[in-house]
Amino acid sequence: MWALRERKVEEITKLVLNQAFKDYYFRRAEDVEIPDNIANREFGYSTFENAMVRHLSFSSAGEFHAFLVKESPYSVFSSVSCYAKPSLPMEEKGWQGADLVFDIDVKDLEMPCRRVHDSWHCRECGKMGSGLRPAICPSCKTNRINVLGWGCQTCLAAAKDHVHRIIDFLLNDFGTRADAISVFFSGNLGYHVEVRGQEMDGLDHDSRIEIADYITGVGITPQLLGVFPRDKSEVVSQKMPLTSEAGWRGRLARHFSNKLKATDAKSDAERAMAIQLASLGYRRFTNRLAQYAMDLGAKIDRNVTLDLHRIFRMGGTLHNKSGLIKKRCEDLTSFDPFNDALGVIGEPIEVHVSYSPPFTLGDEDFGPYSDSRVTLPLHAAAYLMCKGLARPRNDS
Ligand SMILES: [Zn+2]
Ligand SMILES: [Zn+2]
C-alpha cells in the first residue's frame, strides 16, 4: 500500500512539473537559443520518466520549436559538435568541428556555505541530514548516500569569479573575439562559457587538453618560465617575469608581487618572483609556483571541455533540477540567477516539503522547511519539486 501511495505521489509531482514546463515552452519556445548550423547538430532530451533520447536532428528552428511545445522535455540538449549526419550512430556521424565549452560548478569550488545548505539522503534507510555528506549513514551505517548540492548567492558569486577568469584567458591569452564568447547561468549550480565560431571549432581532443591545462594552471614550473636549478641569481632575475607581462608570466608576477607586498612593503614588485626563489630555494619555489597557478586558474569541469561527443544543455531551456532557465548573461556582474532565470509561472500550490534550507527566489525569502506543509508560488514549489524535496499535497 505504501509503495503504491508513493508512486502515486511521484506521478502527481511529475504531472505538475510537466504542466509547468509545457506552459513555459508554449509561452517562450522562441527564447530557446538555437545553435548555429542546426542541421548539423545532434539533439537530445530527457523525459519526465527519466528516459534519455539522443541522436535526433532538426532541419530548421521552426521544426525544433514545434518539437519543444509538443514534447515539453524535462531537459533539452544539443551537441557541442557539428556532424555531416547528426542522427547516425556516433562513429558514422562524420565530425566537422565543435564549440569550445567550459562548465563551472559550485560543487567544485569547496565553498564554506556548502556546510550550511547542502544535504544528504541515505538510499538504504531514508535518513536525511543537512550539511556535508557523512562517510556512512549514522542510522544504518551504509555508505549508499546521495548528496543534494545547493546553490546560494555566495557560491554562485564565487562561480562568476571563475567565469571572469575564463574570459580573461580567452580574450587576453588566446585572442578570442569577444563576440564569439557567450556566458550562461547553467540553470542550477553554475555557469557555462561557450565559444562558437571558426577560431576554435577545429581543435581536436589533445588541443582541448592543452587549453584545459592552461586555463586551470596545470603544469606550470620554473623551467616553463626559463629558470633552471643551477642558474645564477643575476640570470634568474633577468628571466623572471615582470608584472606588466601578458599571459601566465604576468599573472604570476602580479600575484607574487601582491603576496610579497603584504609581508614586505619595501620589496621590488617587478622582480618579486626572483626574491621569492632566492628565499625559498628551488624546490619549495616550484611547489609555491604550482600552488599559485592553481589558485589563479579557473576551476572548470575538464570532462565537459574535453568531451567532443557531449550534448550540452541549451540556452533558454529549463533545468530539470531547479525549474530555472539556462539563461544568457548579457551583463554577468549584475546577473542574479535567483531573479533573472525564473521561467515557471502559475497559481500558488500547496506542497509538502520534506526538507529545505532557506532560499530566495524572485525577491521573496522561503524556508527553512522541515516536514512542512506550505503554499508556495509555483516557481518556488517547482524549484523544490525538481530537487525531490517537495510534493504536491495529496490527501487522497
Ligand atoms: Zn541509512
Ligand atoms: Zn552557497
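Here the structure is a predicted model, which means the values were calculated and not measured.

Novice: What should I look at first to understand the nonpolar core in this one?
Specialist: Among soluble globular proteins, nonpolar side chains are generally buried collectively. Of all hydrophobic cores here, the largest spans 100 residues; its most connected members are Phe64, Phe102, Tyr191 and Leu384. With nine residues, helix 4 (residues 153–173) is the largest single contributor of residues to this core. Both of domain 1 (2–107 + 152–212 + 301–392) and domain 3 (223–296) provide at least three residues apiece to this core. Apart from the residues lying within four places of it in its own chain, the contact partners of Phe102 are Ile166, Leu170, Tyr191, His192, Val193, Val195, Ile211, Ile215, Ile300 and Thr305.

Novice: Just checking my understanding: could you explain the coordination of the zinc ion (ligand 1) for this structure?
Specialist: Each pair of donors in an ideal four-coordinate tetrahedral metal site encloses 109.5 degrees, whereas pairs in an ideal six-coordinate octahedral site enclose 90 or 180 degrees. On the protein side, the zinc ion (ligand 1) has Cys122 (SG), Cys125 (SG), Cys137 (SG) and Cys140 (SG) as donor atoms, found 2.2 to 2.4 Å from it. In this structure, the zinc ion (ligand 1) is surrounded by four donor atoms whose angles at the metal cover 101 to 114°, and the resulting shape is tetrahedral. For the zinc ion (ligand 1), the donor residues sit on a single chain with the sequence spacing C-x2-C-x11-C-x2-C. A residue pair is termed long-range when its members are at least 10 positions apart, and Cys125 in the loop between strand 7 (119–122) and strand 8 (128–130) and Cys137 in the loop between strand 8 and strand 9 (145–148) qualify at 12 residues.

Novice: Would you take a moment to explain the sheet that holds strand 14 (residues 349–356) for this structure?
Specialist: The strands that make up a sheet are held in pairs by hydrogen bonds between backbone atoms, and each pair lies either parallel or antiparallel. Judged by pairing direction, the sheet is antiparallel, and its three strands sit side by side in the order 17-14-18 without closing on themselves. Two strands lie at the open edges of the sheet, namely strand 17 (369–376) and strand 18 (390–392), each paired on one side alone. Within this sheet the neighbouring strands show an average axis-to-axis angle of 20°, counted without direction. Direction of pairing for strand 14 relative to strand 18: antiparallel, over a ladder of three bridges. Within strand 18, the position partnered with His352 by the bridge is Arg391.

Novice: Would you explain the sheet that holds strand 6 (residues 100–105) in this entry?
Specialist: Read across the open sheet, the four strands follow the order 6-11-10-13; overall the sheet is antiparallel. The open sheet is flanked by strand 6 and strand 13 (327–328), the only strands paired with a single partner. Bridging between strand 10 (residues 181–185) and strand 11 (residues 190–195) involves five bridges; their strand directions are antiparallel. Bridge pairing links Ile181 to Val195 in strand 11.

Novice: Before we go on, may I ask you to explain the coordination of the zinc ion (ligand 2) in this structure?
Specialist: For the zinc ion (ligand 2), the protein coordination sphere consists of Cys113 (SG), His117 (NE2), Cys152 (SG) and Cys155 (SG), at 2.1 to 2.3 Å. Viewed at the metal, the four donor atoms of the zinc ion (ligand 2) are separated by angles of 102 to 113°, and the geometry they form is tetrahedral. Mapping the donors of the zinc ion (ligand 2) onto the primary sequence yields the spacing C-x3-H-x34-C-x2-C. With His117 in helix 3 (residues 114–117) and Cys155 in helix 4, this residue pair connects regions lying 38 residues apart in the sequence. A residue is classified by how much of its surface remains accessible, and His117, at 6% relative accessible area, is buried.

Novice: Could you clarify how one ought to interpret helix 2 (residues 61–71) in this entry?
Specialist: In an α-helix, one turn spans 3.6 residues; hence positions three or four apart end up facing the same way. Residues of helix 2 that are buried: Phe64, His65, Phe67 and Leu68. All buried residues of helix 2 lie within an arc of 160° about the axis, which places them on one face of the element. Of the residues trailing helix 2, Ser72 is marked for its positive phi of about 35°.

Novice: How should I be thinking about the packing of helix 8 (residues 272–280) against helix 9 (residues 282–296) in this particular structure?
Specialist: Working note: a packed helix pair is described by the angle between its axes plus the distance between those axes. Look at helix 8 against helix 9: their axes get within 7 Å of each other, and the N-to-C directions meet at 130°. As judged from the angle between their axes, helix 8 and helix 9 are oblique. Of the two elements, helix 8 crosses helix 9, and the hand of that crossing is right-handed. From helix 8, Met273, Gln276, Leu277 and Leu280 reach across to helix 9, where they touch Tyr282, Arg284, Phe285, Arg288 and Leu289. Class assignment of the residues belonging to the contact of helix 8 with helix 9 gives a composition of six nonpolar, one polar and two charged.

Novice: So what exactly am I meant to see when it comes to the domain arrangement of the chain here?
Specialist: Often, the extent of an interface is quoted as the loss of accessible area upon association of its parts. Assigned domains of the chain: these are domain 1 (2–107 + 152–212 + 301–392), domain 2 (114–148) and domain 3 (223–296). The C-alpha-based centres of domain 1 and domain 3 are spaced at 41 Å. Taken together, the four residues of domain 1 in the interface contact five residues of domain 3. Around 380 Å² of area is buried between domain 1 and domain 3 when both sides are counted, 34% of it from carbon and sulfur atoms. The largest per-residue losses of area from domain 1 upon contact with domain 3 belong to Arg165, Phe169 and Asp173, which jointly make up 85% of the total buried on that side. Across the contact surface, domain 1 and domain 3 share two salt bridges. At the boundary of domain 1 and domain 3, one finds four residue pairs in polar contact (both at pLDDT 80 or more).

Analysis parameters
- Residues numbered from 1 in each chain as written.
- Chains lettered and ligands numbered in written order.
- Predicted model: local features only at pLDDT ≥ 70, side-chain atom pairs only at ≥ 80, totals over all residues.
- Heavy atoms only, no water.
- Core = buried A, V, L, I, M, F, W, Y, C linked by side-chain atoms within 4.5 Å.
- Buried < 20%, exposed > 50% of the residue type's maximum accessible area, 1.4 Å probe, protein only.
- Helix = DSSP H or I, 4+ residues; strand = E, 2+ residues; numbered from the N terminus.
- Domains from an automatic or database assignment.
- Contact = heavy atoms within 4.5 Å.
- Donors = N, O, S within 2.8 Å, 3.2 Å for Na, K, Ca; no water.
- Tetrahedral: all angles 85-135°; square planar, octahedral: opposite > 155°, others 65-115°.
- Pairing = 2+ DSSP bridges.
- Axes fitted to C-alpha atoms, helices over the stretch in contact; angles between N-to-C directions.
- Arc of directions from axis to C-beta.
- Parallel < 35°, antiparallel > 145°, perpendicular 65-115°, else oblique.
- Left-handed = near helix turned anticlockwise from the far one by under 90°.
- Nonpolar A, V, L, I, M, F, W, Y, C, P; charged D, E, K, R; others polar.
- Buried area = accessible area lost by both parts, 1.4 Å probe.
- Salt bridge = Lys/Arg side-chain N within 4 Å of Asp/Glu carboxyl O.
- Polar contact = N/O pair within 3.5 Å; in protein donor to acceptor, adjacent residues only side chain to side chain.

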